[in-house]
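Structure assessment
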Amino acid sequence: MNLNVDAFYIIISLVLNLYLGRELLINENTKGKIRRRRRRRRRKRKRKPTRTFMEIESDLKKSSSPVTSMDQRWSLNGTTALVTGGTKGIGHAIVEELAKFGAIVHTCARNETELNECLKQWEDKNFKVTGSVCDVSSSVQRKKLMEDVSSVFQGKLHILINNAGTGIVKPTAECTAEDYSHIMATNFESALHVSQLAHPLLKASSSGNIVFISTIGTFIVYQGGAIYSASKGAMNQITKHLACEWAKDNIRVNGVAPSVIKTPLIENLFVSMTHLQLRL
Ligand SMILES: NC(=O)c1ccc[n+]([C@@H]2O[C@H](COP(=O)([O-])OP(=O)(O)OC[C@H]3O[C@@H](n4cnc5c(N)ncnc54)[C@H](OP(=O)(O)O)[C@@H]3O)[C@@H](O)[C@H]2O)c1
Ligand SMILES: *[C@@H]1O[C@H](CO)[C@@H](O)[C@H](O)[C@H]1NC(C)=O
Ligand SMILES: *[C@@H]1O[C@H](CO)[C@@H](O)[C@H](O)[C@H]1NC(C)=O
């Protein structure tokens, strides 16, 4: 799969999320389960041929009115967004898409050179994007990031995309305590704490949105992905809880669980995957 196609679907899902309040993940209530069971039974009786991804993609291309980022019906003009990890991969695509819709975006990454390079490119494209150097696995740096965000956006944040994250592919028996702490701090603790710090700002905007970037690995097993999936599984749990806890503050909380997307993360993991004979 390539970045453009998959990133396109993620971004469309995110936008649908923000606008229509669709729950893409989660909320496995009993009613839902019963409904799904009935539906499965019905489907068994009359099984329609399933459309392949390629067919759906080809239909989308043929469609006379494709939904593009510049679609007049949608605008994020004037809304404020924080996207963690926006210099590469999925985060980079999200920053650009939100900015194209008119949002004012703040992003962060650890590598200052790459962050400045991205900020320069975005300025050239007339996107309103600012940035902070921040390692989201550090509590001190997360607090500093949110101070920057609060000052840039005058205390109001509409959209928080918890995207920064990293992966590891290693047999669980070989994983060290450091592997565990690094993955949990970068993927889970960061997303939880950034959300906590953002809560007053999201509440102040009167219409807050949080999107957690999880993984399909929380639903199916990829060999060597136990700790990575566990960190994202914890993320799925707080997605449900925050959705309920913060609904009263008019903050919508959702998660997106992408499959494999060709980004620098996956390209680097590929190298470590070869010894496990995993194929994408
Ligand atoms: N690619 C996939 O197939 C896939 C599938 C499912 C879920 N995901 C999830 O999607 C998210 C993005 O993945 P990606 O593939 O786009 O990754 P990526 O290509 O490695 O990009 C990650 C971005 O986050 C930043 N980042 C990484 N660690 C950080 C840290 N500790 N503090 C601050 N920024 C940090 C990176 O910049 P710096 O290195 O400069 O910090 C970079 O901008 C992750 O949460 C990942 O788990 C990816
Ligand atoms: C965005 O909103 C501002 C003021 O709120 C307005 O001046 C501007 O024309 C709007 N831009 C677009 C593209 O709608
Ligand atoms: C930051 O990114 C630049 C450009 O990609 C690279 O040359 C440099 O080694 C990176 N710095 C660190 C500390 O990773």
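Residues numbered from 1 in each chain as written. Chains lettered and ligands numbered in written order. Predicted model: local features only at pLDDT ≥ 70, side-chain atom pairs only at ≥ 80, totals over all residues.

The name an unreviewed UniProt entry assigns to the chain is Short-chain dehydrogenase/reductase SDR protein, from the organism Dioscorea alata.

Let's talk about the sheet that holds strand β2 (residues 104-109)
Strand order in the open sheet formed by six strands is β3-β2-β1-β4-β5-β6, with parallel pairing between adjacent strands. The open sheet has two edge strands with one neighbour each: β3 (129-133) and β6 (251-256). Ignoring which end each strand starts from, the neighbouring axes of this sheet average 15 degrees apart. Two elements, strand β4 (residues 159-162) and strand β5 (residues 208-213), share four bridges in a ladder whose sense is parallel. Note on β5: the bridge partner recorded for L160 is I210. Running at roughly 160 degrees to β6, helix α8 (residues 226-245) makes contact with β5 and β6 of the sheet. (Pairing = 2+ DSSP bridges. Helix = DSSP H or I, 4+ residues; strand = E, 2+ residues; numbered from the N terminus. Axes fitted to C-alpha atoms, helices over the stretch in contact; angles between N-to-C directions. Contact = placed C-beta atoms within 7 Å.)

With respect to α8
The end-to-end C-alpha distance of α8, which contains 20 residues, comes to 28 Å, matching closely the 28 Å that a straight helix rising 1.5 Å per residue would cover. Every buried residue of α8 is listed here: I227, Y228, S229, S231, K232, M235, I238, T239 and L242. Each element contacted by the buried residues of α8 is listed here: α7 (177-204), β5 and β6. (Expected span 1.5 Å × (residues − 1). Buried ≥ 20, exposed ≤ 12 C-beta atoms within 10 Å, placed from the backbone.)

Remarks on the pairing of β3
Where β2 and β3 come together, five bridges link them in parallel fashion. For A109, the partnering residue across the bridge sits in β3 and is V133.

A look at the pairing of β2
Counting buried positions along β2 gives five out of six residues, so the element sits mostly inside the fold. Alignment of strand β1 (residues 80-84) against β2, held across five bridges, turns out to be parallel. Its bridge partner lying in β2, A81 is registered against V105. One crossover worth recording links β1 to the parallel β2 by way of helix α4 (residues 89-100), and it is right-handed. After leaving β2, the chain enters helix α5 (residues 112-124) and then returns to the sheet as β3, a path that is right-handed. (Right-handed = clockwise from strand over helix to strand, strands pointing away.)

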